[in-house]
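The primary structure of each chain is shown beneath.
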Amino acid sequence: MKTNSAPENRTAWMLLALMAFSVIASSVIHHCFPSLLQVRSEAVAFSRYPVMFLLDLIPIVLAWLCFEHARRTMGFYQASVFLGGSFFFTGLVENIWVLFGRFMIGTVSLVADGASGTYYYTRGFFWWIETPILICLAWFFLAYSCVYAVHVIAPKLPAVLRAALGGILAVIFDLWLDPVQVSAPWKSWVWLSNDHIRIFSIPLSNFIGWFLMVFVFAWFFERLPRFRERFSPGVSAFLFYLSLLGLAFGIFLVQIAYGLITMRLIDTTMNLTCGGI
């Protein structure tokens, strides 16, 4: 097990505390002051508070198991940076899209093309802004598992190829996870976008986003040790997260461009399906 210095441990604990505080604050705002962010109400199964709390414990336990493995593999500091980075990175991208669809898409007719929004989540006990922590933590343990598996299988590949393979592996998992989550019995989120290309009834842009997010995150995480050689633990984590912030908005712009192109070139919706899914 890799040992960390006192400054690294202090930075790691600060990151975890920031995560906890932001989740508690967001959850209070979501449940107690829904009008602030125009939270949508949806009659779905498993939406009672005790049930949602118990359901949220599942990804928390899975994320803890992955975090414990990461701590033993790369040390407490890097494991915390990976967890915090993946949590805030995916949460930021998700929230950009959810809130863009909720507040902005009606004024951007070129992008919306008649759509009433992008998508929104229907349930969750713990939230980060308007994204359930289920999504953020699921992204963490899926991304970590895929990136680690590729690193074990092909350690001699260049970092960019390992990151790309990790992204492809994550998309393979997402291809069968998302159709289940949006099916009638679960309905964990609702798609409002009129994406003209769908796979298993899920917009293709969703899978493009998954690949890009895992790919760029894994690639830039490889640079964290280089930052650490030159800067303090806090500055290294800050530079890594600053890079992720720019990447999040870059991915957003890529998907906007994708939406513009497909809406101009494709008139009817195509759903690549199997067995009517």
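Just above sits the structure.
Computed from a predicted model, the values in this text were never measured in an experiment.

S.K.: Could you clarify how one ought to interpret the packing of helix H1 (residues 6–32) against helix H9 (residues 233–265) in this entry?
M.R.: Their axes nearest at 8 Å, the elements H1 and H9 cross at an angle of 45°. Judged on the interaxial angle alone, H9 and H1 are oblique. Within the contact between the two elements, H1 uses Pro7, Glu8, Thr11 and Leu15 and H9 uses Pro233, Gly234, Ala237 and Tyr241. A breakdown of the residues in the contact of H1 with H9 according to their chemical character gives five nonpolar, two polar and one charged.

S.K.: Help me understand the nonpolar core, please; the structure alone is not making it clear to me.
M.R.: For soluble globular proteins, nonpolar side chains are generally found buried alongside one another. Counting residues in each nonpolar core, the largest one holds 69 residues, and the members touching the most others are Val81, Phe87, Phe89, Trp139, Phe140 and Phe240. Element by element, the count of residues in this core is highest for helix H3 (residues 76–104), at 14 residues. Ignoring sequence-local partners within four residues, the contact set of Phe240 consists of Val81, Phe217, Phe220, Phe221, Leu224 and Phe227.

S.K.: What should I look at first to understand the sheet that holds strand S6 (residues 202–203) in this one?
M.R.: Strands belonging to one sheet form pairs held by backbone hydrogen bonds; the direction of such a pair is parallel or antiparallel. Taking strand neighbours across the sheet as the criterion, the three strands line up as S6-S5-S7 in an open arrangement whose pairing is mixed. Both edges of this open sheet fall to S6 and strand S7 (270–272), since each of them pairs with a single strand only. The pairing of strand S5 (residues 197–199) with S7 spans three bridges and is parallel. Pairing of Ile197 across the sheet is with Met270, part of S7.

S.K.: Whenever I open this one, the packing of aromatic side chains confuses me. Can you help?
M.R.: The description of an aromatic ring pair rests on the distance of the ring centres and on the angle between the ring planes. This structure, assessed with the given rule, holds 32 aromatic pairs. Relative to Tyr144, the ring of Phe82 lies with its centre 5.6 Å away and its plane at 85°, an arrangement referred to as edge-to-face. One end of the pair, Phe82, is in helix H3; the other, Tyr144, is in helix H5 (residues 133–153), with 62 residues separating them in the sequence. Residues Phe82 and Tyr144 agree in their burial class; the two are buried.

So, how was this worked out
Residues numbered from 1 in each chain as written. Predicted model: local features only at pLDDT ≥ 70, side-chain atom pairs only at ≥ 80, totals over all residues. Heavy atoms only, no water. Axes fitted to C-alpha atoms, helices over the stretch in contact; angles between N-to-C directions. Helix = DSSP H or I, 4+ residues; strand = E, 2+ residues; numbered from the N terminus. Parallel < 35°, antiparallel > 145°, perpendicular 65-115°, else oblique. Contact = heavy atoms within 4.5 Å. Nonpolar A, V, L, I, M, F, W, Y, C, P; charged D, E, K, R; others polar. Core = buried A, V, L, I, M, F, W, Y, C linked by side-chain atoms within 4.5 Å. Buried < 20%, exposed > 50% of the residue type's maximum accessible area, 1.4 Å probe, protein only. Pairing = 2+ DSSP bridges. Phe/Tyr/Trp six-rings, centres within 6.5 Å; stacked < 30°, edge-to-face > 60°.

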